[in-house]
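The lines below spell out each chain.
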Amino acid sequence: MNPQTENPVQRLIDLSYGFVYSAALCAATELGVADLLEKGPRSAASLAEELGADPQSLYRLLRLLASAGVFSEDDSGHFSLTPAADYLRTNAPGSLRSAVLMLTQKTFWTPAGELSETVRKGKDPFDRIFGAPFFDYLERDPKEGARFHRGMSCLSDLENAPIAKSYDFTAMKRVVDVGGGHGGLIIEVLKAAPQVRGVLYDHRHVLAEARIAQAGLADRCELAEGDFFESVPAGADAYLLKRILHDWSDEVCVRILRNCRKAMPEHGRILVVDAVLPPGNTRHEGKVVDVLLMMSLPGRERTEEEFRKLFAQAGLKLTRVIHTPALLSITEAVPA
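A quick note: this is a predicted structure, and the numbers were derived from the prediction, not measured.

Thresholds, definitions, all that
- Residues numbered from 1 in each chain as written.
- Predicted model: local features only at pLDDT ≥ 70, side-chain atom pairs only at ≥ 80, totals over all residues.
- Heavy atoms only, no water.
- Helix = DSSP H or I, 4+ residues; strand = E, 2+ residues; numbered from the N terminus.
- Rg over C-alpha atoms; globule rule 2.2 N^0.38 Å.
- Buried < 20%, exposed > 50% of the residue type's maximum accessible area, 1.4 Å probe, protein only.
- Contact = heavy atoms within 4.5 Å.
- Pairing = 2+ DSSP bridges.
- UniProt positions renumbered as here; feature names shortened; annotations may be inferred.
- Right-handed = clockwise from strand over helix to strand, strands pointing away.
- Phe/Tyr/Trp six-rings, centres within 6.5 Å; stacked < 30°, edge-to-face > 60°.
- Axes fitted to C-alpha atoms, helices over the stretch in contact; angles between N-to-C directions.
- Core = buried A, V, L, I, M, F, W, Y, C linked by side-chain atoms within 4.5 Å.
- Parallel < 35°, antiparallel > 145°, perpendicular 65-115°, else oblique.
- Left-handed = near helix turned anticlockwise from the far one by under 90°.
- Nonpolar A, V, L, I, M, F, W, Y, C, P; charged D, E, K, R; others polar.

A. Layout of the overall build of the chain. Regarding its fold elements, the chain presents 17 helices and ten strands. A compact globule built from 336 residues should have a C-alpha radius of gyration of about 20 Å, and the chain, at 22 Å, falls within 12% of that. For the chain, buried positions account for 47% of its 336 residues. Within the chain, contacts between residues separated by at least 24 positions form 63% of all contacts whose residues are at least 6 apart in sequence.

B. Structural detail: the pairing of strand β9 (residues 316-323). Of the strand pairs in this sheet, β9 and strand β10 (residues 329-335) are connected by seven bridges, and their pairing is antiparallel. Paired with K317 across the two strands is V334, which belongs to β10. Counted between consecutive antiparallel strands, the loop separating β9 from β10 contains five residues.

C. Layout of the UniProt feature "domain: O-methyltransferase C-terminal" (unreviewed entry) in the chain. Under the feature "domain: O-methyltransferase C-terminal" (unreviewed entry), the UniProt entry names residues 114-316. With 45% helix and 14% strand, residues 114-316 has its two end C-alpha atoms placed 37 Å apart.

D. Representation of the pairing of strand β5 (residues 197-202) in the model. Of all six residues making up β5, five are buried, and the element is well covered by its neighbours. Across five bridges, strand β4 (residues 174-178) lies against β5 in parallel orientation. In the strand pairing of β5, D177 is matched with L200. The parallel pair β4 and β5, bridged by helix α13 (residues 184-192), forms a crossover whose chirality is right-handed.

E. Structural view of the packing of aromatic side chains. The final tally for this structure, using the stated rule, is 14 aromatic pairs. For the ring pair F126 and Y137, a centre distance of 5.9 Å and an interplane angle of 75° mean the geometry is edge-to-face. Note that F126 is positioned in helix α10 (residues 126-130) and Y137 in helix α11 (residues 134-140), a separation of eleven residues in sequence. Across the pair, exposure class does not vary: F126 and Y137 are buried alike.

F. Just the sheet that holds β10, in detail. Taken in spatial order, the seven strands of this open sheet run β6-β5-β4-β7-β8-β10-β9, and their pairing is mixed. One side of each edge strand has no neighbouring strand; the edge strands of this open sheet are β6 (221-225) and β9. Across the sheet, the mean angle separating the axes of adjacent strands is 20° when strand polarity is ignored. Where strand β8 (residues 269-274) meets β10, five bridges bridge the pair, whose relative direction is antiparallel. By the bridge assignment, V272 is partnered in β10 with T331. Contacts between helix α17 (residues 304-313) and the sheet are confined to β8, β9 and β10, with β9 contributing the most and set at about 150° to the helix.

G. Region of interest: the side chain of T29. Tracing the backbone through its elements, the reader meets T29 in helix α2 (residues 18-31). Classification of T29 by relative accessible area gives buried; the value is 2%. Apart from the residues lying within four places of it in its own chain, the contact partners of T29 are L88, R97, V100 and L101.

H. Representation of the nonpolar core in the model. With 32 residues, the main nonpolar core has F228, Y239, L241, L257 and I270 as its most contacted residues. Where this core is concerned, the elements lending two or more residues are β4, β5, β7 (238-242), α15 (250-263), β8, α17 and β9. Element by element, the count of residues in this core is highest for α15, at six residues. For F228, the contacting residues outside a window of four places in its chain are V178, G179, Y201, I244, W248, I256 and N259. Of all hydrophobic cores here, the second largest spans 28 residues; its members include A193, I212, L217 and A275.

I. The packing of helix α4 (residues 44-51) against helix α5 (residues 55-67), seen in detail. It is the contact of α4 with α5, at a shortest axis distance of 8 Å, that shows an interaxial angle of 120°. It follows from the interaxial angle that α4 and α5 lie oblique. The crossing of α4 and α5 is right-handed. On α5, the residues that touch A44, A45, L47, A48 and L51 of α4 are P55, L58, Y59 and L62. Considered class by class, the residues forming the contact of α4 with α5 number nine nonpolar, no polar and no charged.

J. Layout of the sheet that holds strand β1 (residues 42-43). Here three strands make up an open sheet; going across it, the order is β1-β3-β2 and the pairing antiparallel. Either end of the sheet is taken by a strand with one partner, and the two such strands are β1 and β2 (72-73). For β1 and strand β3 (residues 78-80), the ladder comprises two bridges, and the chain directions are antiparallel. Each bridged residue has a counterpart across the sheet, and for S43 the counterpart in β3 is H78.

K. Structural detail: the environment of L318. As for its placement among the helices and strands, L318 is situated in strand β9. Sequence spacing of L318 and Q105 is 213 residues, and the spatial spacing of their C-alpha atoms is 35 Å. In this view, L318 contacts E304, F307, R308, F311, T331, E332 and A333; residues no more than four positions away in its chain are not counted.

Spelled out as structure tokens, the structure:
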């Protein structure tokens, strides 16, 4: 339904209750309810006994989620999995459990309560709340850091293959995935282009959970430790920057891009894989992510013109934007 034509009163009420659904989804996921329902319907009392939870509270939680299509309650008060709830199972193909836990973790949840102040001041409250900037905090808190990186890998697994297949890597020999996390995207690039050799470039604590060897690609992909604020590996045909620039201010983005420009040969290119926001009232998930970023990080999602300006400041020229089947687009830049 078009949000401008539906009942305006109900629209506002539904949006105001949104945080309750997020909290309920997080709680059910943390408790592991979906895993216990894998073998069939169960009552809230039975689930609560196994989980060490209060039966009535668990029932009320699941009743709400069932009303939103996550779990289903039958006439006898037993709950079962729905197609949506099935994705909360730990071992489900394409499980979204880690993604849900990441998107509802306290690093996003707590700053969200101070959004009005963020809008007034134009600065996120993360450092004040947690005592360190976002990524510094994740490095200091291994539990929250793991929750974030696993969640990002989970989300990326949904989109990496279609993104990799949307760009022609067949003429390339070496591709560097800058800040590539656990390696999901470079793995798909290597699968799509068998002649390419890859470099997964990130911090040591992130590379510790890299999946290159697990994918059987250790002989074609190097793990390189480093800091993209300082430098990137030199001499590649392409530099991938997936969900990197949207975390940072324009000034920092230009610094990262200049490091890539310095490292790349004249025939090289930079492939920024981020949302490219459409104008006007068009619905786009990137507009939601943009406000999520505003609450906890100095970055933002950008329009094509905003990318063009960033590239120009770094000695680069935007050549094209390739829209993919995923939320993200590939914005290509070459030396100016």
